[in-house]
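Observations on chain architecture
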Amino acid sequence: MKGISRLLNKKCKRFKHHIRNILQNDIANKYITPPPRFRMFIYSILEHKLKGNVFPDCFLGVSKGRLFLGQGSFINYSCFFDLSDDIVIGKNVAVGFKTTFINATHEMGSSEHRAGNGTSQPIRIEDGCWIGAGATIMPGVTIARGCIIGAGALVTQSTEPNCVYAGVPAKK
């Protein structure tokens, strides 16, 4: 009996995972989805806290993390949010199109299997930042208040407030 219960629980979890993926990545993020309020409603029932605007064609991962978006902020088209952990974006932040937020990584394993145990860390973007198109933000990074991140930058470390960072890896 316990085996059947465990199997049903596993199937139910997998079903919820698929439904969540369909709602946020096949319905809410499409261009044909009616008014933006409907998109925001779907995201809110999935426990994302969005006070700003998310444009269509953004992918939100279906892991444990949630997306938090502050008042006056916007996320442009075709952005990718890993969501293996939370991503918190403050007030009045502009995120350029095709920006990637990666929460997940791996510990370094042995030479026989380099991608060891998976880990994740939150990402935080403080108020007033501008993230240029195509930037990539890596796990555990905090982009300090008022920063500008250049288009195509790879941000691997937290930043200082009110500075401009660009390049691969991003430098002040």
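Higher on the page you've got the structure.
Residues numbered from 1 in each chain as written. Predicted model: local features only at pLDDT ≥ 70, side-chain atom pairs only at ≥ 80, totals over all residues. Heavy atoms only, no water.

**Comments concerning the sheet that holds strand β14 (residues 136-137)**
Note the threshold: A pair of strands is treated as paired once DSSP finds two or more bridges between them. For the purposes of this entry, the term helix denotes a DSSP run of H or I that reaches at least four residues, the term strand denotes a run of E that reaches at least two, and both are numbered from the N terminus.
Ordered in space as β3-β6-β9-β14-β17, the five strands form an open sheet in which the pairing is parallel. Two strands bound the open sheet, and with one partner strand each, they are β3 (59-60) and β17 (154-155).

**As for the pairing of strand β10 (residues 104-108)**
Two elements, β10 and strand β11 (residues 115-120), share four bridges in a ladder whose sense is antiparallel. Among the inter-strand pairings, threonine 105 is bridged to a residue of β11, identified as threonine 119. Joining the antiparallel neighbours β10 and β11 is a turn of six residues.

**Here's the deal with the nonpolar core**
Side chains that are nonpolar tend, in soluble globular proteins, to be buried together. Test applied: The definition of a nonpolar core used throughout is a set of buried Ala, Val, Leu, Ile, Met, Phe, Trp, Tyr and Cys residues joined through side-chain atoms within 4.5 Å. Burial classes follow relative accessibility: with a 1.4 Å probe on protein chains only, a residue under 20% of its type's maximum area counts as buried, one over 50% as exposed, and anything between as partly exposed. Residues count as neighbours in contact if any of their non-hydrogen atoms are within 4.5 Å of one another.
By size, the foremost hydrophobic cluster in this structure holds 36 residues, and its most contacted members are Ile75, Phe81, Ile89 and Ile143. Elements with a contribution of two residues or more to this core: α2 (36-45), β4 (67-69), β7 (87-89) and β12 (123-125). When residues in this core are grouped by element, the largest group, three residues, is from α2. Dropping the residues within four chain positions of it, phenylalanine 81 is found in contact with Phe59, Leu60, Gly61, Leu67, Ile75, Ile87, Ile89 and Phe101.

**Examining α2**
Structurally, the α-helix is built with 3.6 residues per turn, so residues lying three or four positions apart point the same way. Heads up, the rule is: Here the arc refers to the directions that run from the helix axis out to each C-beta atom.
Within α2, burial applies to Arg39, Met40, Ile42 and Tyr43. Viewed along the axis of α2, the buried residues span an arc of 155°, placing them on a single side of the element.

**Digging into the environment of lysine 91**
Among the secondary structure elements, lysine 91 is positioned in the loop between β7 and β8 (94-95). Distance in space between the C-alpha atoms of lysine 91 and arginine 14 is 34 Å, their sequence separation being 77 residues. For lysine 91, the residues in contact, after removing those within four places along its chain, are Gly70, Gln71, Ser73, Asp127 and Gly128.

**A word on the packing of aromatic side chains**
Quick note on the threshold: Each pair of aromatic rings taken from Phe, Tyr and Trp, with Trp reduced to its six-membered ring, is defined by centres within 6.5 Å and is described as stacked if the planes are under 30 degrees apart, edge-to-face if over 60, and tilted in the remaining cases.
This structure, assessed with the given rule, holds four aromatic pairs. An angle of 70° between the planes, with centres 4.8 Å apart, marks the rings of phenylalanine 55 and tyrosine 77 as edge-to-face. Of the two residues, phenylalanine 55 sits in the loop between β2 (53-54) and β3 while tyrosine 77 sits in the loop between β5 (74-75) and β6 (80-81), which places them 22 residues apart along the sequence. Exposure remark for tyrosine 77: the relative accessible area of 32% places this residue in the partly exposed category. Among the aromatic residues, ring-to-ring pairing joins Phe55, Phe74 and Tyr77 into one connected group.

**Looking at the side chain of serine 84**
For the record, the criterion: A 3.5 Å cut-off defines polar contacts: any pair of N or O atoms within that distance qualifies, except that in protein one atom must be a possible hydrogen donor and the other a possible acceptor, and neighbouring residues in sequence count only when both atoms are side-chain atoms.
Structurally, serine 84 is set in the loop between β6 and β7. Here the side chain of serine 84 touches aspartate 82 through a polar contact of 2.6 Å, side chain to side chain. Not counting residues within four places of it along the chain, the set of residues in contact with serine 84 comprises Ser63, Lys64, Gly65, Asn103, Ala104 and Ser120.

**Some thoughts on the state of the cysteines**
Our working rule: Disulfide assignment relies on a single distance test, namely cysteine sulfur atoms paired within 2.5 Å.
With the rule as written, the count across this model stands at zero disulfides. Its sulfur unpaired, cysteine 58 is 4.5 Å from the next cysteine sulfur, which belongs to cysteine 79. Under the relative-accessibility criterion, cysteine 58 is labelled buried at 0%. Looking at cysteine 129, it has no disulfide partner, and the nearest cysteine sulfur is the one in cysteine 147, 5.3 Å off. Residue classification places cysteine 129 among the buried residues on the basis of a relative accessible area of 2%.

**Observations regarding the layout of surface pockets**
Quick note on the threshold: Computed over the protein atoms alone on a 1 Å grid, cavities are sets of points where a 1.4 Å probe fits but cannot get out and pockets are open sets with protein on both sides within 12 Å along at least five of seven lines; a residue lines them when it has an atom within 4 Å of a point. Grid points are joined across faces, edges and corners, and a volume is the space filled by probe spheres set on the points. Gly is placed with the polar residues, together with every amino acid not listed as nonpolar (Ala, Val, Leu, Ile, Met, Phe, Trp, Tyr, Cys and Pro) or charged (Asp, Glu, Lys and Arg).
The space that makes up the largest pocket amounts to roughly 150 Å³. What lines the largest pocket is Lys13, Lys16, His17, Ile19, Arg20, Val62, Ser63 and Arg66. The class makeup of the residues in the lining of the largest pocket is two nonpolar, two polar and four charged.

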